[in-house]
Amino acid sequence: MTKILVIEDDSTIREDIIEVLNCADFEAIGAEDGLVGIQQAKKHKPDLIICDVMMPRLDGYSVLATLRRDPEVAIIPFMFLTAKSSKVDMRQGMKLGAVDYLVKPIGQAELLEAVNTQIDKWATIKSYYSSTIEETQRKVDYLLYFDPLTELPNRLALRERLDNIIAEQATKHNGIVPVMSIDLDRFKRVNDALGEASGDYLLRSVAERLISCVEPEHIISRLDADEFAIVLTGTDTKGKASKLASQILRALSRPFAIEGQEVCVTASIGIATYPQDGDDINALLKNANIAMIHAKQQGGSCYEFYIPNLNIGLSEQIELQADLHHALARNEFQVYYQPQVNLQTGKIVGAEALLRWQHSKHGTISPIKFIPLAEESGDILAIGEWVMTTACQDIKRWQDMLKQQTANCPQLKIAVNLSGRQFQHPNLNTTIVQILEEVDLEPQYLELELTESIIVRDVESSIAKLSALKLLGLQISIDDFGVGYSSFSYLKQLPFDILKIDRCFVRDVDTDIKNQAITSSIIQMAHKMGLKVVAEGVETHTEMEFLSQNDCDEIQGYLISPPVPFDHFSRLLAEEYSLP
């Protein structure tokens, strides 16, 4: 008979749960607090533990942490049943290794459904791994060998099993063992936009699709965060590994439903094979990861086999990150400016400041390569401050130049992109005020651009930060509008002045019916909300004409000019550029 331990300090609730479980043909045992619960768990070794959180002498979190350190009881599935219902409480419980988190009050049917689900799931897990994990190993701490979120084997379990497979394969001739490193593309953006709980749900869903793609004898593991690994056993050709990689990419490309919303993700896969690419687990995982990074650099949603010269690219990336740290001191950065033109007057009314890196050895380095490195290292804070200072100095010089040409000169504005780290930094407002005072620039001529993914990480906090920036007199714009997850629902809450339509909607807007509908709707909606609209990536006259006919306020793009250095932009102003 299945044995269940109920740890609950409220005697009435405890006895009610025990009665419900006994009537359902379970053998239920009670414990009146956390310390007694630990003793009962070690004595009876139940098949499942149901535990309250708030209890005298020892709370539920401490009970779970204590049991997980004892190999004799560590693998027993543990459920919380508590009145503490916040997401923070739930995450704390799940991170400690709980298999479920139930909130009081709870009905009999819901309780029994949750209990039966966990009993069945644990029976399946024990059955699935009984052939490969020794009886003594099953008593070792569950968290030592399994990922509690996805219930897949973790890195340690993968290492032990792969070592055994390689040892077996070494006795065969012409046999190979493919090892796949799988990483989700842009998972951080989903996690930031939708929250940690939704991100965890997505990872569990990804794990389920991976399981559905492989044969039972193959090994799936969650290595870290959004990184998974698969070891193919019984495979004698790379073709079979290629076929499986393609199948996985197709499976993951289907939308995931999260809280009533469709979320699309893709993956990058790197493949290394034993013995060609390494004769131990460390070499194989390292080389599979290098191939995965190369697949991600190709745009993601693809797979790559490891080849030795891929190491060169990774070494260059490490070198690039080191050089980036010194680039500011070496005066290797430049600020380029892309003009923004008013569609009614045809005149330049401002510019977007864009960072360029002229490396002393490698020449021009694309921002796509170095901006993520700067974000990761934290160098973006110093670099971002330098960009803002330089842009403010340059716009002040242009304003002074135009005043000398005509008394009624237009007052140019400058748009500067803010990174997530900059936006979250507590000294952002102070830094901006100091820059404006040093340059003697009025705040209304500085526009801060933020992407939606930065804003929606914490909407309430973002509203407060943006409101404080607005009080300084700055202009705020939302960049890349329409490509995020919650644009329309959050837009009305946030104090923006300008909405920038992403280039993916502007491209071929003169011929693409869908882009026409989306772009015209965005413009109409923004104007009704009192926002100015700027279209990015305008490259043709017909695109410009469509935007003008639909009352777009301003445009920027290669039709006017690519991003140019200070002197070139100065010539455009001096020559009084006007739209053709």
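Residues numbered from 1 in each chain as written. Predicted model: local features only at pLDDT ≥ 70, side-chain atom pairs only at ≥ 80, totals over all residues. Heavy atoms only, no water.

Taken together, the five strands give an open sheet; going across it, the order is 7-8-6-11-12, and neighbouring strands pair in mixed fashion. What marks the edges here is a single partner per strand, and that holds for strand 7 (219-224) and strand 12 (302-305). Between one strand axis and the next, the sheet turns by 20 degrees as a mean value, whatever way the strands run. Bridging between strand 6 (residues 177-185) and strand 11 (residues 266-274) involves nine bridges; their strand directions are antiparallel. (Pairing = 2+ DSSP bridges. Helix = DSSP H or I, 4+ residues; strand = E, 2+ residues; numbered from the N terminus. Axes fitted to C-alpha atoms, helices over the stretch in contact; angles between N-to-C directions.)

Moving on, we come to the pairing of strand 20 (residues 532-535). Bridge count between strand 19 (residues 498-501) and strand 20: four bridges; the pairing is parallel. Note that in strand 20 the partner of K500 across the bridge is V534. Taken together, the two bridges between strand 20 and strand 21 (residues 554-555) define a ladder with parallel strand orientation. The residue bridging A535 from the neighbouring strand is I555, located in strand 21. Each parallel crossover has a hand, and the one from strand 20 via helix 22 (residues 541-549) to strand 21 is right-handed. (Right-handed = clockwise from strand over helix to strand, strands pointing away.)

Moving on, we come to the confidence of the model for the protein. For the protein, per-residue confidence averages 86 on the pLDDT scale, and residues scoring 70 or more make up 90% of the total. Mean pLDDT in the protein bottoms out at helix 19 (residues 487-491), which sits at 59, and peaks at strand 21, which reaches 96. (pLDDT = per-residue confidence, 0-100.)

With that settled, consider unusual backbone geometry. In the segment running from K104 into P105, the intervening peptide bond is cis, with an omega of -10 degrees. Turning to its location among the elements, P105 is positioned in the loop between strand 5 (100-103) and helix 5 (108-129). The phi dihedral of D25 is positive, around 70 degrees, even though this residue is not glycine. Even without being a glycine, K45 presents a positive backbone phi close to 45 degrees. Structurally, the position occupied by K45 is in the loop between helix 2 (34-44) and strand 3 (48-51). For K45, a relative accessible area of 40% puts it in the partly exposed group. (Buried < 20%, exposed > 50% of the residue type's maximum accessible area, 1.4 Å probe, protein only.)

Below, the discussion takes up the packing of helix 2 against helix 3 (residues 60-68). Here helix 2 crosses helix 3 at 30 degrees, and the two axes come no closer than 9 Å. What the angle tells us is that helix 2 and helix 3 run roughly parallel. Considering only the axes of helix 2 and helix 3, their crossing is right-handed. Contacts between helix 2 and helix 3 involve G34, I38 and A41 on the former and, on the latter, V63, T66 and L67. Residue composition of the contact of helix 2 with helix 3, by class: four nonpolar, two polar and no charged. (Parallel < 35°, antiparallel > 145°, perpendicular 65-115°, else oblique. Left-handed = near helix turned anticlockwise from the far one by under 90°. Contact = heavy atoms within 4.5 Å. Nonpolar A, V, L, I, M, F, W, Y, C, P; charged D, E, K, R; others polar.)

Before going further, it helps to examine the pattern of salt bridges. Applying the stated criterion across every chain yields a total of 19 salt bridges. In this structure, R397 engages D394 in a salt bridge whose closest nitrogen and oxygen atoms are separated by 3.4 Å. Note that R397 and D394 are positioned in helix 14 (residues 380-405) at a spacing of three residues, about one turn of the helix. By relative accessible area, D394 is classed as buried at 6%. E554 is the salt-bridge partner of K413, the closest N and O atoms lying 3.3 Å from each other. Separated by 141 residues along the polypeptide, K413 in strand 16 (residues 413-417) and E554 in strand 21 bring together distant segments of the chain. What emerges from the salt-bridge pattern is a single network uniting E352, E449, K500 and E536. (Salt bridge = Lys/Arg side-chain N within 4 Å of Asp/Glu carboxyl O.)

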